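Below, each chain spelled out in residue letters.
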Amino acid sequence: MKENHTPYALLGLMTAGFHTGYEMKQMMDGSLNHFWKISYGQIYPTLKKLVEEGCADVKVTSQEGRPDKKEYIITPSGEEQLRSWLMKPVEDLPVEKNELLLKLFFSRNQEKSVILHQLESYREKLYKKQHTYQSIKEMLLREECPSEDAPFWIITLNYGLATTEAAVEWCEKTKSRIDEMKEE
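Residues numbered from 1 in each chain as written. Predicted model: local features only at pLDDT ≥ 70, side-chain atom pairs only at ≥ 80, totals over all residues. Heavy atoms only, no water.

1. A look at the UniProt feature "domain: Transcription regulator PadR N-terminal" (unreviewed entry) in the protein chain
Right, on to step 1. The UniProt entry lists residues 10–83 under the feature "domain: Transcription regulator PadR N-terminal" (unreviewed entry), expressed in the numbering used here.
Right, on to step 2. In the segment residues 10–83, helix accounts for 50% and strand for 23%; the C-alpha atoms at its two ends are 13 Å apart. (UniProt positions renumbered as here; feature names shortened; annotations may be inferred. Helix = DSSP H or I, 4+ residues; strand = E, 2+ residues; numbered from the N terminus.)

Structure follows, in structure tokens:
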């Protein structure tokens with residue numbers, strides 16, 4: 001059975017200064033979501049479990065006219081759990097679900113013009129993704145007092161940039177290969 005990595009993602013977010021479920025979700029949507037998906041519905045049950053297991057404490061602050069604010073703080077036990085997980089080797093390579101690859105796999109019966117259009121559309125999406133990564137990277141590099149985590153955030157952005165660049169190159173080569181094929 002695969003290990004659930006969501007608790008480690010939330011513990012890591014606590015160490016980076018994100019203490020409310022809302023702050024964690026905002027950070028996920030803006031950064032982690034590019035390589036790690038966590039649904040909003042997973043956050044609060046996981047935070048509750050982390051508190052029950054002694055990996056986090058919760059500080060509740062009353063707010064006038066609004067629900068109580070819950071701030072989650074990693075405990076020494078939580079820090080140890082996170083460190084232990086960080087030291088473990090990565091067990092599996094991720095399996096990517098890619099609709100374009102699925103369509104290409106079965107494209108023997110598809111018109112060449114449709115395949116080329118799909119590849120071009122995919123390449124345009126990759127360019128947008130590349131631009132997003134580059135914008136985030138530039139923002140992090142411009143910060144006067146970046147987070148101590150920023151160099152590691154940039155490393156993950158560089159991975160995204162490199163894989164996106166490789167996918168763009170693959171698209172261009174694949175378009176050329178499809179173009180050379182004869183219509184049947």
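2. Focus: the side chain of threonine 46
Right, on to step 1. As for its position among the elements, threonine 46 is in helix 3 (residues 40–52).
Right, on to step 2. By relative accessible area, which is 12% here, threonine 46 ends up buried.
Right, on to step 3. If we ignore the near neighbours within four places in the chain, the residues touching threonine 46 are Thr6, Pro7 and Leu10. (Buried < 20%, exposed > 50% of the residue type's maximum accessible area, 1.4 Å probe, protein only. Contact = heavy atoms within 4.5 Å.)

3. A closer look at the packing of helix 1 (residues 6–15) against helix 3
Right, on to step 1. Interaxial distance between helix 1 and helix 3 falls to 10 Å at its minimum, and their mutual angle equals 80°. By the angle between their axes, helix 1 is roughly perpendicular relative to helix 3. Only Gln42, Ile43, Thr46, Leu47 and Leu50 of helix 3 make contact with helix 1, whose side of the interface consists of Thr6, Pro7, Leu10, Leu11 and Met14.
Right, on to step 2. Of the residues in the contact of helix 1 with helix 3, the class split is seven nonpolar, three polar and no charged. (Axes fitted to C-alpha atoms, helices over the stretch in contact; angles between N-to-C directions. Parallel < 35°, antiparallel > 145°, perpendicular 65-115°, else oblique. Nonpolar A, V, L, I, M, F, W, Y, C, P; charged D, E, K, R; others polar.)

4. Remarks on the pattern of salt bridges
Right, on to step 1. All told, the structure shown has ten salt bridges when counted by the stated rule.
Right, on to step 2. Two residues, lysine 59 and glutamate 71, come together in a salt bridge whose shortest N-O distance is 3.9 Å. You can see lysine 59 sitting in strand 1 (residues 56–63) and its partner glutamate 71 sitting in strand 2 (residues 66–74), a full twelve residues away along the chain.
Right, on to step 3. A single salt-bridge network, built from bridges that share partners, covers Glu120, Arg123, Glu172 and Lys175. (Salt bridge = Lys/Arg side-chain N within 4 Å of Asp/Glu carboxyl O.)

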